[in-house]
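Okay, here's what each chain looks like letter by letter:
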Amino acid sequence: MKYLSLTVILGFAMAFNSIAQTVDYKSRIQLINKNIYDKLYDEKAGLYLETNNAAENKGNHSFLWPLCAMIQAANEMEVLEPSKKYIAPVIKAIDQYYTARPPAPGYQAMVVKEKTDPRFYDDNEWVAIALMDAYGRTHNKQYLETSKMIYRFLLTGLNNVGGGGFYWEEGNFKGKNTCSNGPGILVALRLYQATKEKAYLDTAIKVYNWTKKNLLATNGVYYDAIKLPSLKIDSAYYTYNAGTMLQSGVVLYNITKDKKYLDDARNVAVASEKYFYRNGKLPNNYWFNAVLIRGYIELYKVDKNKKQLQFIIDDAERIWKDEKYEQNLIGKRKNKTLIDQAAMLETYARLQKLKSE
């Protein structure tokens, strides 16, 4: 039995090496990034387009949400090429979504000069997460200050209704979502790591406990939301919700050394692969899956278990083989989207970094 176990383990290691080590992720990254700037970027405006179809875009530039994927992808590219400035044009675009309207400055969903639009807490959180990742690498103070500004905006959506947690959309009090609480935890944790100000850690732990208590499902992954005031659960499951809570658990463990958080993370990791990876593939939303991958990679840094990453590598290969279409644009949707391209850009950049570890 010991021999068989060792054989299985070595088999997984060889599978990882045979795929991840031989794939030319760098060429993929260059191609995807070129496609984004050739087909989904308005250079004159310094803004991005939602899709490659002008009729679908209706004369508007991208919503902020795809830029949340783009700024993270740009950071992962700079991880690979620190001398490059991939983040700068994305920040230039995101600045055009900024509004100082009360109760606190933040970023709205559409370009301010084009439309007054709602502000979503999760959109702002994703931007701050990427900026704090970049801050940890570059120590650029502007990244930190912008993230602090976003955190102050987030606090306007945090209260004790329903026992705690962040709302999803400013002014919408109908529910609190894992997609606004999981990334909210990560923003607070990254700010704590950067500043050692205890208030950030207190917020993170409080929101983490609330989210786990109210939205962790019996199958080990996370429900989408709790509705208010009924407290009815929206029982949809999405990979990005699992991803943020998985990553939060690992980061909390790294900070506190309390093994309960690492146990939480390991449980979510096992449950997520079992629930989401079916028939040799993850669900079709590439960016949701990219957020899930962040969690697994955070756990890998602690456990060094490459076996647990194999399904991620396999799915990324499947997408490149089966879901790359005309003009090398990726995605099963008829009109190819910025968020799909950016998600796969981030995914391949992260897998490229793994090759060197």
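Now for a description of the structure that goes with this document. (Residues numbered from 1 in each chain as written. Predicted model: local features only at pLDDT ≥ 70, side-chain atom pairs only at ≥ 80, totals over all residues. Heavy atoms only, no water.)

1. Details of the environment of A236
Here is step 1: Relative to the elements of secondary structure, A236 occurs in strand β7 (residues 233-237).
Here is step 2: Given the relative accessible area of 23%, A236 is considered partly exposed.
Here is step 3: Between the C-alpha atom of A236 and that of A225, which follows or precedes it by 11 residues, the distance is 8.0 Å.
Here is step 4: When neighbours within four sequence positions are excluded, A236 is seen to be in contact with Y222, Y223 and D224. (Helix = DSSP H or I, 4+ residues; strand = E, 2+ residues; numbered from the N terminus. Buried < 20%, exposed > 50% of the residue type's maximum accessible area, 1.4 Å probe, protein only. Contact = heavy atoms within 4.5 Å.)

2. Re the pairing of strand β6 (residues 223-227)
Here is step 1: The element β6 is extensively covered by neighbouring structure, given that 4 of its 5 residues are classed as buried.
Here is step 2: Strand direction decides the pairing type here: strand β5 (residues 175-177) and β6, joined by 3 bridges, are antiparallel. For K176, the partnering residue across the bridge sits in β6 and is I226.
Here is step 3: Two strands pair when backbone bridges link them, and β6 and β7 are joined in this way by 3 bridges, in the antiparallel orientation. When the sheet's bridge partners are listed, A225 is paired in β7 with D234.
Here is step 4: The turn linking β6 back onto β7 is made up of 5 residues, and L231 within it adopts a positive phi angle of 65°. (Pairing = 2+ DSSP bridges.)

3. So, empty space enclosed by the protein
Here is step 1: Across all of its chains, the model carries 1 cavity of 30 Å³ or more by this definition.
Here is step 2: Of the pockets and cavities examined, the largest cavity occupies roughly 70 Å³.
Here is step 3: What lines the largest cavity is L282, Y286, N289, A290, I293, I312, D315, A316, I319, M344 and T347.
Here is step 4: Secondary structure elements with two or more residues in the lining of the largest cavity: α12 (286-303), α13 (310-322) and α14 (338-355).
Here is step 5: When the residues that make up the lining of the largest cavity are grouped by side-chain class, the tally is 8 nonpolar, 2 polar and 1 charged. (1 Å grid on protein atoms, 1.4 Å probe; cavity = no way out; pocket = protein on both sides within 12 Å on 5 of 7 lines; lining within 4 Å. Points joined across faces, edges and corners; volume = space filled by probe spheres on them. Nonpolar A, V, L, I, M, F, W, Y, C, P; charged D, E, K, R; others polar.)

4. What about the sheet that holds β6?
For sheets, the rule is that strands pair by backbone hydrogen bonds, running either parallel or antiparallel.
Here is step 1: Taken in spatial order, the 3 strands line up as β5-β6-β7 in an open sheet, and their pairing is antiparallel. Two strands bound the open sheet, and with one partner strand each, they are β5 and β7. Sheet twist, expressed as the mean angle between neighbouring strand axes with direction ignored, is 20°.
Here is step 2: Lying on the sheet, helix α9 (residues 198-215) is in contact with β5, β6 and β7; it crosses β6 at an angle near 95°. (Axes fitted to C-alpha atoms, helices over the stretch in contact; angles between N-to-C directions.)

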